[in-house]
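Residue-level listing of the chains:
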Amino acid sequence: MFLLSALSGVSSCQRHPKLSQQEASYREAEAKFQQGDLIAASQESDAAYKQLSERSPEWAWRFRVLEAEVLVWRGLSADAVQLIQTQYAPELGTSDIAVRREIILGLAECSLQKFDEAEQHFGEAERLSRLFQPDLMGELLLARGNLFFARGDLTAAENAYLQSLRFARANKQAFLTLKSLGSLGWVSMEEEHYDKSIDWDTEALNLGRSLSARIAIEKVLGNEGWNYYKMGDLDNALLLLQQAKEAAHRLSGTKDEMTWTQNIGAVEIAQRSYSAAEHDYKEALRLATQMDNKAAAAVCLYSLANANRHEGKSSEAKEYNREAVVLARAGGDHTSQLYSLITDGYIAYDDKNFALAESDFRRLIADQSADSYLRSQSEVGLAVTYSAQGRPAYADASFRKSLATIEAARSSITHEGFRLSFLSSVIGRYDDYIDFLAARGGVGQALQVAEVSRARTLAEGLGLNSISVAFPIANFNPQQTAQQLNTTILSYWLGEDHSYLWVITPGRVELFTLPTAAEIDPLVQAYRQALLGSRDVLETQNAAGRKLYDLLVAPAAKMIPQGARVTILPDGSLYGLNFETLLAPSPQLHYWIEDVDVSYANSLTLLAAGASRHATAAKKLLLVGDPVSSDAEFPKLPQAAAEMSQIENYFPAAERTVFSGAEATPDSYLKSEPASFSHIHFVAHGTASRTSPLDSAVILSRQGDDYKLYARDIIQHPLHADLVTISACHGEGVRTYSGEGLVGLSWAFLRAGAHGVIAALWEVNDNSTPQLMDHLYSEIGKGAAPDAALRDAKLALLHSGGVYRRPFYWAPFELYRGS
């Protein structure tokens, strides 16, 4: 990553009423620089300098300073210093050229880690600017911020950038505004305020696009991608970093291309794509070596060591890390030394050199400059080392410290959307602790660690902070919850080395070890594809459906009576699996829905909070749907009116509020006092956003420019509904977050306070869905609980004998329990 340095400032040519040939040429070169055509800007500046050096020293120097600025952007700071270190003509001593020359020399020296020299140049720039060129004070403030940043004084850097931003806005300097926003995003990222950084980056990106500032756009894309990586949103991170890398390559920005390639490798390691990461780090190392950038090369080397360690290439990992340590020490790069140290610790652990591993991890934990990621990773490394040495009490204490470090980092995040993704970046720490506890028979403790990671954002939004979700959990009694709800709870955990199933009944809790996530995930994907296909999975005796039953349900089968209520707490890929469709073997092959009544939940904490709650006595319906098509992408649903007519008939006219056709707008829902209804039902298209799940939406009628009821708006309006039904495609969502599950419309309604939500895993059928919903509300009207009513409606389709017997028609809908 590369901090935004000074773009061309306010030059004297901007103050002349007419443009001379030199001025026109300068503006053209400057525009190419600002738009990211660095090679052309550099070549034109060099050519102009040579042409004008004799007859117009002022313009010659102006082009020369611009060329030096381009070199700094390209990471060629030593060349920039050499280019403009000679003295200019005395008559230019009070011009903007003199000020900008000092600023650029200071930036170049700063990039070369020559901080004292940089300060001298900035001091001279400040003297000249105050006396003769006050318009350039903003550029100087920005440059000074860079120096503070490079020296590690992030507070001073942030203050300087804020001053620069205020100056830029007051003086209407758009490009300085852009650079200041980008720099504030960068310093916030270094302070581990990733959500705040994304805010600055988003504002910078919008402004950069309006100015066609391609080079600034490239840098902000990369910085924003790194923020998403640190927040655990790996999909968005990879997308943004790849865009930044491609842009840097087009702009001939070698340093940036190297940086974004490095960061892509980091995302790939987090995704466990170690071979891809090794490829990208080798490419980044080639670019770093080409630039003679020893610090960047050290990063590539210790990252290659990490990738090779995960691939089981111990000797290659050791050699890469040895080279990384040498370079990091030679360059005085303390952060790289810390990363090499933790890599060395894990290599030593793999080699069973536990004394060295313990020493490495302890040294890193004691280092006050280590960020929360490194500290928590080192605390886990120390814990597994203690465990391997047969020191379980020390191991347990170190695991707990790691969870405390993670919680402190998470608590600092203010944006709900970013808290959702945070645990994805650190979920491995919980995984290691659960493995440790499970191996020692700590069934209940392991369950508590899993629970601490689950549905944190959802619970906080519902005001359940009074229920302790810190380990160990106070008054943790899952058996009581199972008894109050008259259910058997199946709580799953998918891990890298082991997966687990806790079976919780009113009488006991049992733990079963399952295959790894890497074994289960492909089966889930294959079976889901089969369910959406044209063939009947029961008739074909689908192998994935039978295998998943054997792996996920069969271990608990003896603890689940026929006809029992079962509450599933999924994890990872299991959020996309309808367990009712699994193929049970006896007495003959059949769908599991024939045996049990299945519902789902995000956490035991939420289940416990809602266990003593009774259904609302007064039944009031809010029905929204059959909207006017607002977009060709969302045509009118042919059976929507019929479905709505059927549903409203189950509620007295005085107890129902219906918005249909042109009245079915987002505003109608938001202003209807949704908290006053016991049942809320939508009949409309739905969208699911993978990159931004809180942008998932119910598609309604247009009112002005608005026709989408977004998940982010839903959560702002509290609910008390017994049941919200989203009769739409992708109601549950498509994006799974570690600890939170599928985040989309169903999550949003649970977050708003709904006690139960029925939503779809995949696109629903227009003809079968009205039949299913009619049966659902008929059973509810007879007094059935929502889970039992939904099962009965599904079984009616399954036993219909026609095409609707296939799970594609009855299985998309699932019931999620809230608080």
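What comes next concerns the included structure. (Residues numbered from 1 in each chain as written. Predicted model: local features only at pLDDT ≥ 70, side-chain atom pairs only at ≥ 80, totals over all residues. Heavy atoms only, no water.)

Turning to the pattern of salt bridges, a few remarks are in order. This structure, assessed with the given rule, holds 37 salt bridges. A salt bridge links arginine 286 to glutamate 283; the nearest nitrogen and oxygen atoms lie 2.6 Å apart. With arginine 286 and glutamate 283 both in helix α14 (residues 274-291), this residue pair falls three residues apart, about one helical turn. In this structure, arginine 309 and aspartate 350 form a salt bridge, with 2.9 Å as the shortest nitrogen-oxygen distance. Here arginine 309 is found in helix α15 (residues 294-310), whereas its partner aspartate 350 is found in helix α17 (residues 334-350), with 41 residues between them in sequence. For arginine 309, a relative accessible area of 18% corresponds to the buried category. Overlapping salt bridges, with partners in common, bring together Glu119, Glu126, Arg130 and Arg144 in one network. (Salt bridge = Lys/Arg side-chain N within 4 Å of Asp/Glu carboxyl O. Helix = DSSP H or I, 4+ residues; strand = E, 2+ residues; numbered from the N terminus. Buried < 20%, exposed > 50% of the residue type's maximum accessible area, 1.4 Å probe, protein only.)

By size, the foremost hydrophobic cluster in this structure holds 99 residues, and its most contacted members are Tyr527, Leu552, Phe579 and Trp592. Setting aside its immediate chain neighbours within four residues, leucine 552 contacts Tyr492, Leu501, Leu514, Ile520, Leu574, Leu577 and Phe579. One finds Phe122, Trp260, Val267 and Leu287 within the second-largest nonpolar core, a separate group that totals 88 residues. (Core = buried A, V, L, I, M, F, W, Y, C linked by side-chain atoms within 4.5 Å. Contact = heavy atoms within 4.5 Å.)

Moving on: the sheet that holds strand β9 (residues 656-661). Taken in spatial order, the 11 strands line up as β3-β2-β1-β4-β7-β18-β17-β14-β10-β8-β9 in an open sheet, and their pairing is mixed. The strands lining the two open edges of the sheet, one partner per strand, are β3 (509-514) and β9. Averaged over neighbouring strand pairs, the angle between their axes works out to 20 degrees when direction is ignored. Sheet topology note: the strand β1 (residues 488-493)/strand β2 (residues 499-504) ladder contains five bridges and is antiparallel. Note on β2: the bridge partner recorded for tryptophan 493 is tyrosine 500. Most of the contacts of helix α34 (residues 786-798) go to strand β18 (residues 813-817), to which it runs at about 170 degrees, and overall it touches β4 (565-569), β7 (597-601), β14 (723-727), β17 (756-760) and β18. (Pairing = 2+ DSSP bridges. Axes fitted to C-alpha atoms, helices over the stretch in contact; angles between N-to-C directions.)

Now for the packing of aromatic side chains. For any pair of aromatic rings, the description consists of the separation of the ring centres together with the inter-plane angle of the planes. For the structure on display, the rule yields 21 aromatic pairs. Where tyrosine 600 meets tyrosine 816, the ring centres are 5.5 Å apart and the plane angle is 25 degrees; that geometry is what we call stacked. In this pair, tyrosine 600 is assigned in strand β7 and tyrosine 816 in strand β18, connecting sequence segments 216 residues apart. The exposure class of tyrosine 816 is buried, given its relative accessible area of 5%. (Phe/Tyr/Trp six-rings, centres within 6.5 Å; stacked < 30°, edge-to-face > 60°.)

Here we come to unusual backbone geometry. The linkage connecting serine 586 with the following residue, proline 587, adopts the cis geometry, with an omega of 5 degrees. Here proline 587 lies in the loop between β5 (583-584) and β6 (590-591). Despite not being glycine, lysine 172 has its phi angle at roughly 55 degrees, a positive value. One non-glycine residue with positive phi stands out, namely serine 212, at about 55 degrees. Topologically, serine 212 is positioned in the loop between α10 (194-210) and α11 (214-230). Judged by its relative accessible area of 40%, serine 212 falls in the partly exposed class.

What follows covers the sheet that holds strand β13 (residues 706-710). Ordered in space as β11-β12-β13, the three strands form an open sheet in which the pairing is antiparallel. The sheet is open, and its two borders are formed by β11 (685-687) and β13, each paired with just one other strand. Within this sheet the neighbouring strands show an average axis-to-axis angle of 45 degrees, counted without direction. When strand β12 (residues 697-703) meets β13, the two strands line up antiparallel, connected through four bridges.

As paired strands, strand β8 (residues 621-627) and β9 are joined by six bridges and run parallel to one another. The residue bridging leucine 623 from the neighbouring strand is valine 658, located in β9. As for the winding sense of the linkage, the β-α-β connection from β8 through helix α29 (residues 640-648) to β9 is right-handed. (Right-handed = clockwise from strand over helix to strand, strands pointing away.)

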